Every structure is written in C-alpha cells, then in structure tokens.
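# An overview of the molecular structure
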Amino acid sequence: MSDNGDFMGKKVIFVHPPDLVNGPIMDILTSQELEVYVLKDHSRIPEINSKYPDSIFFLNVDAAISESEWHQYIQSLNSSCPGIQLGILSFKITDQEQMQFYLLDLGISCGFIQLKQGAKAACEMMMKVLTANEVKGRRKYLRYKCLSEDKATINFSLFENDINGEVLDISSVGLSCLLSAHQGLVKNQLIRNMQLRLRGIIVNADVILMGTRVVEGEQTIYVFLFHADAQSKMKEKVRSYIFTAFQKSFAREFSLR
C-alpha cells in the first residue's frame, strides 16, 4: 500500500446491508471516523475494487441472490480480483460449519459477522476485523473536501459585522473556509455561535481560529477548530453530513442508482 493510502485509510463498503447495518452499526462506525459506504449492486464490486483495491467489502449473503449463488459469486471474485478483501454478514446463518465454509473453503479474509447477536456485539466483532486491517490508516479524523454543489457555508458575527464564508473542507474537529471579510480576526480568537449550513443541515458551534494560509497568491484560507466543549450531537450532525457527502460522491463516481 502506498504512503498516501496508508495515510488516507481504506473504504469499508457494505453490500446489500440490512437495516441493522444501515442504521445502528453505520452510526457506530461513523462515530469511529471510518469511511463507510453502501452498495446495492454487487455486480459493481470488481470495478470498485479495481479503482480502490484496499477496500473491504462486507457481503450480506441473506439478500439479493441465493446462498449458493453467493458461493459462486465469491469464488468468481477471488478469481477475477486476486487479494480482494471480503467479509460476510448474515442473520440467517448461525451454524458453525456453514460459517467455517465461508472462512476456510471460500477464503473469506475479513470475518463472518453474525447479525443475530445484535448491533453492539456485531459491531465489536467488525471493529476487531477493521482494526486488524488498519482501515483508518494514519489519519485520526475523516475529512471531506466540499464541492460547490454541496452548498456548505458558514456565517457568524464579529464586532457587530456579519461575516459569511464558503466551507472548503470539514471534519468532526474543524473546518477550513474562505471568508467574505476578515477585519479584526486574529489567531486563537474564539468565535461564538458560528452557524454552519451543510446541505440543509444547520449546525451551531463555538470555534477557534487556528491559523491562515494564502493560496494562489491572493486567497486566504481560514482554519477553525471546533471548541473542545462541542456537544456530541453537533459532531454527529457533522459526521452525518460527511457520510452523506461521501456516499453521493461514490454514487456519482460509479454511476450508481
């Protein structure tokens, strides 16, 4: 894996995920700053794996096709995509011999997750697999680079002046942005009640200006960190926005429905 890949981490892609995964488990994984996606068309796995060969795919073998067809499909994936990293999800399969068949005979390298045991236990097992595979790389926080269509903006008051800005990138710990005005802003300044608009989600947060940098000789980028007292609910909203934005970008990149 390249240095860049080590730094950026890996994509975790859930194929035909049931509601338990698409809800509670996804929430837990995003709170752990993992880059997670939903894929509803298993036939696209080879294409995605070709573009992102470090990805981990968790296949819900209870859905879409029969179990025997999953066996054949997994064998074809192992043949056409050498080294592909696959894990299995299932409510229905609880027999140890059946699970061993996937792990040993089909060569599943990323575990068999029994969903019947509930979200917490399933997620704990999943996290062990993901940690062993170093999915986070060397980054601590997942950062999303905003597009103009994301309509990610900020506004706050400074010395009775309204200041607006365009968010360039964002994580659960801070953001960088361009500002309409900046007179009076100094490093380490605390800004109370900055309002973020993220694809219609409104988030209010206290932030601290950590620094600036100039790009293209004229534009000044401002870097803010969310105050240490930021509420967990605020961070959940930011993570939800990042997850949705990454999923939309993923769907667009591979022309997914």
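Parameters at a glance
- Residues numbered from 1 in each chain as written.
- Predicted model: local features only at pLDDT ≥ 70, side-chain atom pairs only at ≥ 80, totals over all residues.
- Heavy atoms only, no water.
- Helix = DSSP H or I, 4+ residues; strand = E, 2+ residues; numbered from the N terminus.
- Buried < 20%, exposed > 50% of the residue type's maximum accessible area, 1.4 Å probe, protein only.
- Contact = heavy atoms within 4.5 Å.
- Areas by Shrake-Rupley, 256 points an atom, 1.4 Å probe, with all protein chains shown as cover.
- Lys, Arg positive; Asp, Glu negative; His and termini not counted.
- Charge placed at Lys NZ, Arg CZ, Asp CG, Glu CD.
- Core = buried A, V, L, I, M, F, W, Y, C linked by side-chain atoms within 4.5 Å.

Further remarks concern the overall build of the chain. The helix and strand tally for the chain stands at 7 helices and 12 strands. Overall, the chain is about 70 × 35 × 30 Å in size when its C-alpha atoms are taken along their principal axes. Here the chain holds 257 residues, and the buried ones make up 46% of them. Across the chain, every contact between residues at least 6 apart in sequence was considered, and the portion connecting residues at least 24 apart equals 63%. Put simply, the chain shows about 13500 Å² of open surface, and 48% of that area lies on carbon and sulfur atoms. Side-chain charges of the chain comprise 28 positive and 29 negative groups, with the mean position of each set lying 4 Å from the other.

Residue placement: C177 occurs in strand β9 (residues 174-179). On the basis of relative accessible area, C177 is assigned to the buried category, the value being 0%. Other than its neighbours up to four places away in sequence, C177 contacts I154, E166, V167, L168, T220, I221, Y222 and F224.

On to the nonpolar core. Counting residues in hydrophobic clusters, the biggest one holds 58 residues, and the most contacted among them are L59, I170, L175 and F224. Broken down by element, this core gets its largest block of residues, 8 residues, from helix α7 (residues 232-253). In this view, L59 contacts V15, I45, W70, I74, L86, G87, I88 and L89; residues no more than four positions away in its chain are not counted. Counting 22 residues, the second largest nonpolar core, distinct from the first, contains V12, I113, L115 and A122.

Just geometry here; none of it tells us what the structure is for.
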